[in-house]
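Summary of structural features
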Amino acid sequence: MNILSAVNITKTFGEKVLFDDISFTVNEKQRIGLIGVNGTGKSTLLKLLAGLETADRGKLVHANHFRVEYLPQNPEFDPNSTVLEQVFHGDTPLMKTLRDYELALAELELDAANEKKQSRLFAAQSRMDEQGAWEASTLAKTVLMKLGISQFDKPVGQLSGGQRKRVAMARVLIQPADLLILDEPTNHIDNETAIWLEEFLGKWRGALLLVTHDRYFLERVTNRMLELDRGKIYSYEGNYESFLEKKAERMESEASSEDKRQNLLRRELAWLRRGAKARTTKQKARIHRAEDLRDHKVDGPGEKMDMALAGSRLGKKVMELEAITKAFESGKPLLSGFSYIVMPRDRLGIIGPNGSGKSTLLNMLAGRIQPDSGTIETGTTVKLAYYTQENVEMDEKMRVIEYIKEAAEVIRTSDGESISASQMLERFLFSPTLQWSPIGKLSGGERRRLYLLRTLMGEPNVLLLDEPTNDLDIQTLTILEDYLDQFPGAVITVSHDRYFLDRTVSHLFAFDGNGRIEPYIGNYSDYLEEKREEEEAEQARKEIIRNASAAKSAPSAANTTPTTSNSSSSNRPKKLSFKEQKEWDEIEGTIAALEDKAASLKQQIESAGSDFDRVRDLYEQEQQTTADLEAAMERWTYLSELVEEIERK
C-alpha cells in the first residue's frame, strides 16, 4: 500500500538543479536505500520528505495522520537537557508520560523522604500503567545501551559528537512512525553496533528510507534502491547487489541509445550536406528531424571521478615502532608496549571500540602527539599524508579553486602527466562553475571530497586514513578503493566500514580497549568469522565445564543405591545421548585449549615482573583455568569409560 507520493518535485540550490521534476512513491514496509554522488541533494530530499524543506515545484501526498521520524546527519540538542529528556522528546501523550516518570524518579532519588515527591512518582507510575509505557521505557534504555550510552542522566552538552548522534538515533528508533528516515546512521558507530542496528531495522514495522555509505548495511537492510543522478531519480527493486546489476544494464542501454542517436544524426547530416533539389514537405521533415537529433541529448553514463594521482618513491625503511605506550590522563592504558615495523606495501586496518586509542595511534604516527614511552622512527624517504576524521577548518569564504591552489598550482598524475589544479578538480567532479563557488556553499560530502583531493595532492607514499568512509559517497569510496589497490606505498586505515576494510586491508590490529592490540592476518570478514567461531567454542567449553562440575558434585551411585557391578553395567545406555556425543566430540579440543591457556597465563605471570596488579589478575585467571581443566579431565574420564562400555556391548 502506498503511504507517500512525491509528485513532480523540483528543487534548486542557487544555480544548481538538485531535482528536476522527479516523482516516486514509498510503500508500506519498504526498506529503501537512497544513493548518489555527494552534492546531488540526498540530504535535501530527506529533509523535504521529513517536512523540513519545501520544494520549488511539486507536492507530497500522504494520509492526514502520516507520521515521519527523521535522523539528520548533525542533530541539534539543548545542551542542558539530559540524555533521557532528549530520547523522550516529543509532544505525544506517551512521550510526556515517560518524561514525567523519569523526572519524578530523579527528584525522589534526591529527596527520598519527601511525601509530595513520592506521590508524584506514584501518579507517574499509574499513568505509565494506563498507557502501557513500561515497554517503551525499557526499549529506550536497551537501545541506548546497545548504542553505547549508559549515563542516562548526563547532560547532552557533555557528550561527544558521536555520542550525540547515537542519542538522536535512539530517539527516532523508539518513536512510532509510518516512515523512518535515517541520514548516515552508520557514521560514528562501531562494527558491532552497526550489526545490531541491521538486526533492529530488520524488525522495523514501518517503512524505512536511509542514506548510508556502508554497502554491507545496504545489502542486508534494503529491498529497494533509489538513485539520484543529474537531477533525475531512478528506482531499482532489490538490495544493493541487485542495484549494481540493474544500474549496469541501465547504463549500457543509455550508451546504446546514445550510439544510435549519433549514427542517425550522422546520416541525416550527410543527407543535408548533399543538398536537396526541391523543398518538399518530406525533405523539410527530414531537416527538422536532423535538427531535433542534434539538439536532443540522451543521457549517457555520468561523469566518472579520476583519482590517478602520483606518489613519491619510498625506501625500505618506513616506520619502526618500539615498545610504544600511551595512557589517558586518568592512567587507563591506550597502548601498552606495542611494537611493529611498517613495510613499504603494508595494508593495515585498525579496529576496535570507540575510545580505545585507534586515532591516538595515527596521531602518534603522524607526529602530532608523542608516546609516553617507546620510540617511533620514520624513514628519510617517507612523505606522509594524513586524512583525519575531524571536520577540517576551511575558510568558507574561500573559493574551491583557491583552496586547491594553496597546495599546488600543477599536479602530477600517476602516468606522468602534469595538469592544472582546475583540471584536477574536474577529475574530482567539481565543475568549472563549482570551482569558483565559495566553500561554504558545498555540501558536507563535497567538502570531504575536496579535502581528500588536497590530502592526496602532495604525492605521498604513506597514507594514514582515519575513518575515510564518513561522509564520502559510494562512488568516491569505490574509486578510492581502486586507487589504494594501485598505491605504491603503505596504507594504515582506521575504519568501521566492513566493506571498505575487506577491500583495502590484509592485516588487522584489533584494539581491546585496555591497552592490548591483537594482530590478525586477513581481512575483516575473516576476522569476524574467526571471532564468531571462538565464541561458539568458548560457549561449548563452558557447557562442558558446567556438566563436569555438576557430575563431580552429584552423589555417586554407590552412595545412593546399593547395586552390584553387573546391575550397574546393565543399566548403562546402549549409546551416548545427543548431548553427550556432542560433548565427547569436543572435549579433547576443550582440554587442549585449557592446557594452552594455562601455559600462556604462566608465561604472562613470569613476564609481568613487578606489575603486581597484573600479576594478581593473571594468577586468578590461572587458578580458575586450572580448576576448569581438572573438571574437564574428570568429565573426559567419565565419558571415555561410558564409550568403552557401550563399545563392549
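Residues numbered from 1 in each chain as written. Predicted model: local features only at pLDDT ≥ 70, side-chain atom pairs only at ≥ 80, totals over all residues. Heavy atoms only, no water.

If you check an unreviewed UniProt entry, the protein chain appears there as ABC transporter ATP-binding protein from Paenibacillus marchantiophytorum.

**Regarding the sheet that holds strand β2 (residues 16-27)**
Just so we agree on the cut-off: A pair of strands is labelled paired if DSSP reports no fewer than 2 bridges between them. Secondary structure elements follow DSSP: runs of H or I of four or more residues count as helices, runs of E of two or more count as strands, with numbering from the N terminus. Lines fitted to the C-alpha atoms define the axes, with helices restricted to the stretch that makes contact. Angles between their N-to-C directions range from 0 to 180 degrees.
The antiparallel open sheet is built from three strands, whose spatial order is β2-β1-β4. One side of each edge strand has no neighbouring strand; the edge strands of this open sheet are β2 and β4 (57-62). Direction aside, the axes of adjacent strands within the sheet are offset by 10 degrees on average.

**Focus on helix α1 (residues 42-49)**
For an α-helix, the turn length of 3.6 residues means that residues three or four places apart are oriented alike. Applicable threshold: Exposure is judged per residue with a 1.4 Å probe applied to protein chains only, and the accessible area is read against the type maximum: over 50% gives exposed, under 20% gives buried, and values in between give partly exposed. Regarding the arc, it is the one traced by the directions from the helix axis to the C-beta atoms.
What α1 keeps buried is the set Lys42, Leu45, Leu46, Leu48 and Leu49. The buried side chains of α1 occupy one side of the element, clustering within an arc of 160 degrees when seen end-on.

**Thoughts on the packing of helix α3 (residues 93-110) against helix α5 (residues 134-146)**
Selection criterion: Oblique is the label for any angle not covered by the other classes, which are roughly parallel (under 35 degrees), roughly antiparallel (over 145) and roughly perpendicular (65 to 115). Every residue pair with non-hydrogen atoms within 4.5 Å of one another is taken to be in contact. Residues were grouped as follows: Ala, Val, Leu, Ile, Met, Phe, Trp, Tyr, Cys and Pro as nonpolar; Asp, Glu, Lys and Arg as charged; and all remaining residues, including Gly, as polar.
Remark: α3 packs on α5, axes separated minimally by 10 Å, with the N-to-C direction vectors making an angle of 75 degrees. Between α3 and α5, the interaxial angle falls into the category roughly perpendicular. From α3, Leu94, Leu98, Tyr101 and Glu102 reach across to α5, where they touch Trp134, Ala136, Ser137 and Lys141. Class assignment for the residues of the contact of α3 with α5 results in five nonpolar, one polar and two charged.

**Quick look at unusual backbone geometry**
You will see that Glu184, though not glycine, has its phi angle at about 55 degrees, which is positive. With respect to the element layout, Glu184 can be found in the loop between β6 (179-183) and α7 (191-202). Phi is positive for Glu459, close to 55 degrees, though the residue is something other than glycine. According to the relative accessible area criterion, Glu459 is buried, its value standing at 18%.

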